[in-house]
Amino acid sequence: MPTDLQAPGDIGRRAALGGDDARHERIDVHHHYTAPEWVRWATENGMVDPDNLPPWTRWDEASALDLMDRTGTRTSVLTVAMLGRSKDPAVRKESARVSLDAAGALTARHAGRFAFFTPVFLDDPELSRWSVSHGMDELGAVGVSARTSAGDTFLGDPALDPLMAELDERGAVISTHPMQVATSGGPQGVPPFVCDFLMDTTHAALSLIMNGTLDRFPRLTFVLPHGGGYLPYIAGRIEVFGRQFAPAVDPGRVRDYLHRFYYDTAAPMSPSATPTLLAAAGVSRILYGSDWPPTPTRVVTEVTTPALDADPALGERERGRINRGNALRLLPALAPA
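Reading the values: the criteria
- For every chain, the first residue of the written sequence is number 1, and numbering continues from 1 onward in sequence order.
- Local features in this predicted model are restricted to residues whose pLDDT is 70 or higher, and side-chain atom pairs enter the listing and the counts only when it is 80 or higher, whereas totals over whole chains, interfaces and linings include all residues.
- Calculation of side-chain values draws on the structure's entire complement of heavy atoms; hydrogens and water are dropped beforehand.
- The helix and strand labels rest on DSSP assignments: H or I over at least four residues marks a helix, E over at least two residues marks a strand, and numbering proceeds from the N terminus.
- It is over C-alpha atoms that the radius of gyration is taken, and the globule rule equals 2.2 Å times the number of residues to the power 0.38.
- To sort residues, take the accessible area from a 1.4 Å probe on protein chains only and compare it with the maximum for the residue type: under 20% means buried, over 50% means exposed, and anything in between is partly exposed.
- Only buried residues count toward a nonpolar core, which is a set of Ala, Val, Leu, Ile, Met, Phe, Trp, Tyr and Cys residues joined through side-chain atoms within 4.5 Å.
- Contacts between residues were defined by any pair of non-hydrogen atoms, one from each residue, lying within 4.5 Å.
- The charge count includes Lys and Arg as positive and Asp and Glu as negative, but it does not include His or the ends of the chains.
- In the sections that follow, a salt bridge refers to a side-chain nitrogen of Lys or Arg positioned within 4 Å of a carboxyl oxygen of Asp or Glu.
- Here a cavity means grid points, on a 1 Å grid over the protein atoms only, where a 1.4 Å probe fits yet cannot get out; a pocket means an open set of points with protein on both sides within 12 Å along at least five of seven lines; lining residues are those with an atom within 4 Å of a point.
- Grid points are joined across faces, edges and corners, and a volume is the space filled by probe spheres set on the points.
- Here the nonpolar group is Ala, Val, Leu, Ile, Met, Phe, Trp, Tyr, Cys and Pro; Asp, Glu, Lys and Arg are the charged ones; every other residue, Gly included, is treated as polar.
- A helix is expected to span 1.5 Å multiplied by its residue count minus one.
- Pairing of N or O atoms within 3.5 Å defines a polar contact, subject to two protein rules: one partner must be a possible hydrogen donor and the other a possible acceptor, and residues neighboring in sequence count only if both atoms are side-chain atoms.
- A fitted line through C-alpha atoms represents every axis, and for helices the fit uses only the stretch in contact; the resulting angles, taken between N-to-C directions, go from 0 to 180 degrees.
- An angle counts as roughly parallel when it lies under 35 degrees, as roughly antiparallel when it exceeds 145, as roughly perpendicular when it falls between 65 and 115, and as oblique in every other case.
- DSSP bridges decide pairing: two strands pair if at least two such bridges lie between them.

### Thoughts on the overall build of the protein chain
Here comes step 1: If you tally the helices and strands in the protein chain, you get 14 helices and ten strands.
Here comes step 2: Against the globule reference of 20 Å for 337 residues, the protein chain gives a C-alpha radius of gyration of 19 Å, in line with a compact fold.
Here comes step 3: Projecting the C-alpha coordinates of the protein chain onto the three principal axes gives extents of approximately 50 × 50 × 45 Å.
Here comes step 4: Per-residue burial over the protein chain gives 53% buried out of 337 residues.

### Some words on the nonpolar core
Here comes step 1: Counting 75 residues, the largest nonpolar core has Tyr33, Trp38, Leu155, Phe222, Leu231 and Phe261 as its most contacted members.
Here comes step 2: Here this core takes six residues from helix H5 (residues 89-109), the largest share from any one element.
Here comes step 3: For Phe222, the contacting residues outside a window of four places in its chain are Leu155, Met164, Ile174, Thr176, Leu208, Leu214, Arg260, Phe261 and Tyr262.
Here comes step 4: Counting residues in each nonpolar core, the second largest holds 15 residues, with Ile27, Val77, Leu328 and Leu330 among its members.

### Overview of the side chain of Arg147
Here comes step 1: Mapping Arg147 onto the fold places it in strand S4 (residues 143-147).
Here comes step 2: For the buried residue Arg147, which engages in no salt bridge, the nearest side chain bearing the opposite charge is Asp123, 7.5 Å off.
Here comes step 3: Apart from the residues lying within four places of it in its own chain, the contact partners of Arg147 are Arg85, Leu122, Leu155, His177, Met179 and Gln180.

### A short note on the pattern of salt bridges
Here comes step 1: Per the stated rule, a full pass over the model turns up 17 salt bridges.
Here comes step 2: In this structure, Asp101 and Arg97 form a salt bridge, with 2.8 Å as the shortest nitrogen-oxygen distance. One end of the pair, Asp101, and the other, Arg97, are both in helix H5, four residues apart, so they sit about a helical turn from each other.
Here comes step 3: Owing to a relative accessible area of 32%, Arg97 belongs among the partly exposed residues under this scheme.
Here comes step 4: Between Glu239 and Arg255 there is a salt bridge; the shortest N-O distance is 3.1 Å. Linking Glu239 in helix H10 (residues 235-241) with Arg255 in helix H11 (residues 254-258), this pair joins segments that are 16 residues apart in sequence.
Here comes step 5: What makes Glu239 partly exposed here is its relative accessible area of 24%.

### Quick look at the environment of Leu334
Here comes step 1: Turning to its location among the elements, Leu334 is positioned in the segment after helix H14 (316-330).
Here comes step 2: When the C-alpha positions of Leu334 and Leu220 are compared, they lie 18 Å apart, and in sequence the two are 114 residues distant.
Here comes step 3: Among all residues touching Leu334, those that are not within four sequence positions of it are Ile27, Thr75, Val77, Ala115, Val142 and Leu328.

### Things to note about empty space enclosed by the protein
Here comes step 1: The tally for this structure, following the rule as stated, stands at two cavities of 30 Å³ or more.
Here comes step 2: Looking at the largest cavity, the residues that line it are Met82, Arg85, Ser86, Arg92, Ser95, Ala96, Phe121 and Leu127.
Here comes step 3: Per-element tally for the lining of the largest cavity: the top contributor is H5, with three residues.
Here comes step 4: Here the residues of the lining of the largest cavity sort into four nonpolar, two polar and two charged.
Here comes step 5: Computed from the structure, the second largest cavity encloses a volume of approximately 40 Å³.
Here comes step 6: If you go around the second largest cavity, the residues you meet are Thr265, Met269, Tyr288, Gly289, Thr304, Thr305 and Leu308.
Here comes step 7: A breakdown of the residues in the lining of the second largest cavity according to their chemical character gives three nonpolar, four polar and no charged.

### As for H5
Here comes step 1: Taking 1.5 Å per residue, 21 residues should reach 30 Å; H5 reaches 30 Å between its end C-alpha atoms and fits that length.
Here comes step 2: Inspection of H5 places Arg92, Ser95, Ala96, Val98, Ser99, Leu100, Ala102, Ala103, Gly104, Leu106 and Thr107 among the buried residues, and these make up the whole buried set.
Here comes step 3: Its buried side turned inward, H5 meets strand S1 (26-33), helix H3 (36-44), helix H4 (61-70), strand S2 (73-80), strand S3 (114-119) and helix H6 (125-138).
Here comes step 4: Looking at where H5 begins, the residue whose side-chain oxygen comes 3.0 Å from the main-chain nitrogen of Ala90 is Asp88.

### Notes on the packing of H3 against H5
Here comes step 1: Relative to each other, H3 and H5 sit at 150 degrees, their axes nearing to 8 Å. The angle between the axes of H3 and H5 places the two elements in the roughly antiparallel class. For the pair H3 and H5, contact is made by Glu37, Trp38 and Trp41 and by Val91, Glu94, Ser95, Val98, Ser99 and Ala102, respectively.
Here comes step 2: Here the contact of H3 with H5 is built from residues that sort into five nonpolar, two polar and two charged.

### Thoughts on the sheet that holds S4
Here comes step 1: Read from one edge to the other, the open sheet built from eight strands follows the order S1-S2-S3-S4-S7-S8-S9-S10, with strand pairing classed as parallel. Pairing within the sheet leaves two strands with one partner each, and these edge strands are S1 and strand S10 (286-287).
Here comes step 2: Relative to S10, strand S9 (residues 261-264) runs parallel, the two sharing two bridges. Note on S10: the bridge partner recorded for Tyr263 is Ile286.
Here comes step 3: Across the sheet, H5 touches S1, S2 and S3, and the angle it forms with S3 is around 160 degrees.

### A word on the environment of Leu258
Here comes step 1: Positionally, Leu258 belongs in helix H11.
Here comes step 2: With near-sequence residues (within four places) excluded, Leu258 lies in contact with Leu231, Ala235, Tyr263 and Ala280.

If you want it as structure tokens, here you go:
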């Protein structure tokens, strides 16, 4: 496995071309980060009870680096998480500042190992603008993150157009993820992340297509988690029935729209799923994602990442593009100096 002592320029050139080197120099675009500094701040301000926080919020720097080394991940791009959000605007802004400053300090301590997306908030345009300015202009965030939905508002809602216009001017990459979603009324005992998260992502993608967001803001790039939810697998249905949508979707544009998204590998890659994702999106639109720490270390190291490395639908060149090359093209700031 390459080490920090190797020439990063040589590694970057080999990995960008694809091939086995990229397997050991992955870029992980789906890494959840709950800053320990934020947990302390939120606890001191009575916003959360640390004993009741989900296990995945106990993010630890040493554990993160250990996982990255075990999976051959050179760089993890963090999605900055905050729970227990207050309705008070000043408190929400301070909450975001604590988290973002912690992410900025982490990336400074470990140059080349970590980068981060700065969050935008579908229910708070003013806080979103501040977060984009502070995160990208002052701290060096490589893009933004957004929930696929907030309440009844999905990405693609025309009410979000002013924010999308500002992000379009930056040519921003927007990493998306479901969080608090309406359950589908399925069998009790099935966690939301198994099915409902995928449906929420699919709804968000359809909202972006149907409301014309992708057409009005062509410089925006959206990354869909978990292989795009169900989107790649219902592409044919969208083509057949798109004219019956309100507003209608031109069947001839569906494949173009599918290629406007990027899709990460967090849990969709398997001998049965990979061919469909490749057929719908193409190998150039797929990115490596671990989904750690909500996906436990054992699952990442023993199940999902090895499955990608051994997937019979992928050759070494395809794996190289998924592991690193595509991310370098999408987020050139991650390229070694």
